[in-house]
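Examination of the molecular architecture
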Amino acid sequence: MSPPTKLFETYKLGPITLANRLVMAPLTRNRAVPGTFVPGALAADYYAQRASAGLLITEASQVSQQGQGYQDTPGIYTKDQVAGWRKVTDSVHARGGKIYIQLWHVGRISHVDLQANGAAPVAPSAIRAKGKTFVNGGFADVSEPRALELSEIPGIIDDFKRATKNALEAGFDGVEIHGANGYLLEQFAKDGTNKRTDAYGGSIENRARLMLEVSKAVVSEAGADRTGIRISPVTPANDISDSNPQALYDHIVDGLSALKLVYLHVVEGATGGPRDIAPFDYAGLRKRFSGAYVANNGYDFDLATKVLDANAADLIAFGKPFISNPDLVERLKKGAALNDWDKNTFYGGGAKGYTDYPTLAAQAAE
């Protein structure tokens, strides 16, 4: 058995009680139905298999067609998508689990083949990202974006608000706003991607405006106690950068705390990479924020236990280990070996590498 740890204690998150402090991080898997971007029956199995996590956060789900940046990612903007997600939430709740959906607009990290009528993706400024996206069955350079007109910004905020309403209709316990990893809200916030001279560009206050306005709109629909957000202050993911991330995120987190969001989900360091890529005071963010702090990036049992014991976080998000270990909670409790993941089946495909990873019980029965 594992040594004593807070990891397996219950935790009250707004109106819901989590069975433990393990969070399944959002993980893009590209298995929605092509063309309709509805999560299928396999998705219901996949999330239900992992329902022993304290909280499941779904893969990022676009709030509109314009918000899509990768092949076969699910949406939350049509009736059919809502119905597909309802099967997922019902399956998770039947297993006693709790589930939030992550709401997503990719901004410039997209491709003309995913946009209506082959239009250019949108961004705060017309600066093409150095990076690739998964489209047409393979990886391709992202397309050249166009700068959003000031008059279009209220429509983006409305898309997040409508997606939140749809998420509640689909039975989710809450929503997580995707403000991380170089997507639209972070593109506005960071000065490497935002060269605007209007009310959404220039000063930290102006660049942070869209993230905070979207958060306010989502809260107005879901309630603050069912709204979380994910941020990644120093990640270079998707060619993103800022000249003064500490000041920027101190301001953003003050704004999020004022809105009383239920949690702040922080990618510490480079997404999926080094935790120490750049100096940053995460403890300072935790102090500024009134809700729960969810720590993410490169966590294993030992680091999670150490951070929780030091009261440096409230919840710990695990990513790839949940892909290959549907019963990750039980395995960590027992100190059992973890299944290795297969990178070749992360993106796209069917059940293989998605719903066929064995549990301890299944392995014992072999």
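As recorded in an unreviewed UniProt entry, the protein goes by the name N-ethylmaleimide reductase, listed as coming from Bradyrhizobium cosmicum. Note on the protein: under the UniProt heading Sequence similarities (unreviewed entry), the record states "Belongs to the NADH:flavin oxidoreductase/NADH oxidase family." Here is the UniProt Cofactor (unreviewed entry) comment for the protein, exactly as written: "FMN".

With that settled, consider the overall build of the protein. Each helix and strand counted, the protein has 11 helices and 14 strands in total. Since a compact globule built from 366 residues should have a radius of gyration of about 21 Å, the 19 Å found for the protein is in line with a globular shape. Dimensions of the protein along its principal axes, counting C-alpha atoms only, are 60 × 45 × 35 Å. By residue count, 58% of the 366 residues in the protein fall in the buried class. Pairs at least 24 apart in sequence give 73% of the contacts found in the protein among residues at least 6 apart. Of the roughly 14,000 Å² of accessible surface on the protein, a fraction of 52% belongs to carbon and sulfur atoms. Counting 39 positive and 40 negative side-chain charges, the protein places the centres of these two groups 2 Å from one another.

Spatially, the eight strands close up into a barrel ordered 3-4-5-10-11-12-13-14, and their pairing is parallel. Going across the sheet, the axis of each strand differs from the next one's by a mean of 25°, ignoring polarity. Pairing geometry for strand 4 (residues 55-62) and strand 5 (residues 99-104), over five bridges, is parallel. By the bridge assignment for strand 5, Ile57 is matched with Tyr100.

This part takes up the side chain of Ser232. Residue position: Ser232 is located in the loop between strand 11 (227-231) and helix 6 (245-258). If we ignore the near neighbours within four places in the chain, the residues touching Ser232 are Gly179, Ala180, Asn181, Glu186, Lys190, Tyr249 and Val267.

According to UniProt, the positions carrying the feature "domain: NADH:flavin oxidoreductase/NADH oxidase N-terminal" (unreviewed entry) are residues 6-339. The span residues 6-339 shows a helical share of 33% and a strand share of 18%, and its end C-alpha atoms are spaced 23 Å apart.

Here we take up the layout of surface pockets. Here the largest pocket is characterised by a volume of approximately 1,100 Å³. Considering the residues around the largest pocket, the lining is formed by 37 residues, among which Leu27, Thr271, Gly272, Lys320 and Tyr347 are closest to the centre. Among the secondary structure elements, those contributing two or more residues to the lining of the largest pocket are strand 5, strand 7 (132-135), strand 14 (315-318) and helix 9 (320-324). Here the lining of the largest pocket is composed, by residue class, of 18 nonpolar, 14 polar and five charged. Taken as a whole, the second largest pocket encloses approximately 190 Å³ of empty space. If you trace the second largest pocket, you find it lined by Glu268, Arg275, Tyr282, Ala283, Arg286, Lys287, Tyr293, Tyr299, Leu303, Val307 and Ala312. Only helix 7 (282-288) and helix 8 (301-309) provide two or more residues apiece to the lining of the second largest pocket. The biggest single contributor to the lining of the second largest pocket is helix 7, with four residues. For the lining of the second largest pocket, the per-class residue count stands at seven nonpolar, no polar and four charged.

About the thresholds
Residues numbered from 1 in each chain as written. Predicted model: local features only at pLDDT ≥ 70, side-chain atom pairs only at ≥ 80, totals over all residues. Heavy atoms only, no water. UniProt positions renumbered as here; feature names shortened; annotations may be inferred. Helix = DSSP H or I, 4+ residues; strand = E, 2+ residues; numbered from the N terminus. Rg over C-alpha atoms; globule rule 2.2 N^0.38 Å. Buried < 20%, exposed > 50% of the residue type's maximum accessible area, 1.4 Å probe, protein only. Contact = heavy atoms within 4.5 Å. Areas by Shrake-Rupley, 256 points an atom, 1.4 Å probe, with all protein chains shown as cover. Lys, Arg positive; Asp, Glu negative; His and termini not counted. Charge placed at Lys NZ, Arg CZ, Asp CG, Glu CD. Pairing = 2+ DSSP bridges. Axes fitted to C-alpha atoms, helices over the stretch in contact; angles between N-to-C directions. 1 Å grid on protein atoms, 1.4 Å probe; cavity = no way out; pocket = protein on both sides within 12 Å on 5 of 7 lines; lining within 4 Å. Points joined across faces, edges and corners; volume = space filled by probe spheres on them. Nonpolar A, V, L, I, M, F, W, Y, C, P; charged D, E, K, R; others polar.

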